[in-house]
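Remarks on the overall topology
Residues per chain are reported as follows:
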Amino acid sequence: MSPCLIVYYSRTGVTAKAATTLARACGADLEQIQDVQPRGGAGGFLRSAWQALRKSPAEIVPPLHHPAHYPFVVLGTPVWAGRMSAPMRSYILQQREHFRRVAVFCTMGGRNGQDVLTSMAELCNQLPVASMCLRQRDVLEDRCAQALADFAGELAIVQHEAHADAAPDPAGHPV
């Protein structure tokens, strides 16, 4: 098991691409949030926007990884109608009591990324240890390597700190 879990939702594959690249860079475990009801086509797009605007959670499949088993969790979402995705909202609401530390990122076609990151942090009830916004076109055209590397570097520092916090003292007791 990795010291880090990256949990993401992706309707179109953009956030999935960023999360997968980040997981490889960090050596992290990866968890894709799955919708119970598919979001394909125009109807799925409209339902996604409507749920985001209303800040409604979505019905999601139970996750495979438990966030309490990780020193920190990275949460990634697309920006929908200026808000976080409904499946990510559901995941956070269901799992937030198990988060030790969080980092957040979003992918966006337009703007409001920083507002989404703030909303995610508020919903988690904690300040993130790192955050990042990526433009959709930069992800699709592989122009975000430096941003992902910088974010992975921030996460490596957090991993190191988490490992040091968990190290036993000379008598064998956790510090």
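Each remark here, short or long, concerns the structure printed above.
A short tour of the structure in this document, coming up. Remember, predicted model here, so these are calculated numbers, not experimental data. All chains use their own residue numbering, which begins from 1 and follows the written sequence. Since the coordinates come from a predicted model, pLDDT governs what is reported: local features require at least 70, and pairs of side-chain atoms require 80 or more to be given and counted, while whole-chain, interface and lining totals use all residues. Based on all heavy atoms of the structure, the side-chain values leave hydrogens and waters out of the count.

1. Focus on the pattern of salt bridges
Whenever a carboxyl oxygen of Asp or Glu lies within 4 Å of a side-chain nitrogen of Lys or Arg, that contact is scored as a salt bridge. A full pass over the atoms with the stated rule returns 4 salt bridges. With a shortest N-O distance of 2.6 Å, Arg 39 and Asp 35 are connected by a salt bridge. The same class applies to Arg 39 as to Asp 35, namely buried. The partner of Arg 143 in a salt bridge is Glu 141, and the shortest N-O contact between them spans 2.5 Å. Throughout, exposure labels follow a simple rule: accessible area from a 1.4 Å probe, protein chains only, divided by the maximum for the residue type, with under 20% read as buried, over 50% as exposed, and the rest as partly exposed. Take Arg 143: its relative accessible area is 48%, and that puts it in the partly exposed class. Beyond isolated ion pairs, a larger network of salt bridges with shared partners links Asp 138, Glu 141 and Arg 143.

2. Looking at the pairing of strand E2 (residues 29-32)
Here the rule is simple: two strands pair whenever DSSP picks up at least two bridges between them. Here a helix means four or more residues in a row that DSSP labels H or I, a strand means two or more in a row labelled E, and each is numbered from the N terminus. Pairing analysis gives 4 bridges linking strand E1 (residues 4-8) to E2, with the strands arranged parallel. Residue pairing for E2: Val 7 is matched across the bridge by Glu 31. The β-α-β motif built from E1, the intervening helix H1 (residues 14-26) and the parallel element E2 has right-handed crossover chirality. Viewed with both strands pointing away, a crossover whose connecting path from the first strand over the helix to the second turns clockwise is right-handed.

3. Concerning the layout of surface pockets
Put simply, the grid is 1 Å and covers the protein atoms alone, a cavity is a trapped set of points that fit a 1.4 Å probe, a pocket is an open set with protein on both sides within 12 Å along at least five of seven lines, and lining residues have an atom within 4 Å of a point. Grid points are joined across faces, edges and corners, and a volume is the space filled by probe spheres set on the points. In this model, the largest pocket occupies a volume close to 360 Å³. Looking at the largest pocket, it is lined by 20 residues, and the ones nearest its centre are Pro 78, Val 79, Trp 80, Gly 109 and Gln 136. For the lining of the largest pocket, the elements supplying multiple residues, two or more each, are H1, helix H2 (41-54), strand E3 (72-80) and strand E5 (102-108). Throughout this entry, Asp, Glu, Lys and Arg are counted as charged residues, while Ala, Val, Leu, Ile, Met, Phe, Trp, Tyr, Cys and Pro are counted as nonpolar. The remaining residues, Gly among them, count as polar. Looking at the lining of the largest pocket residue by residue, the classes come out as 8 nonpolar, 10 polar and 2 charged.

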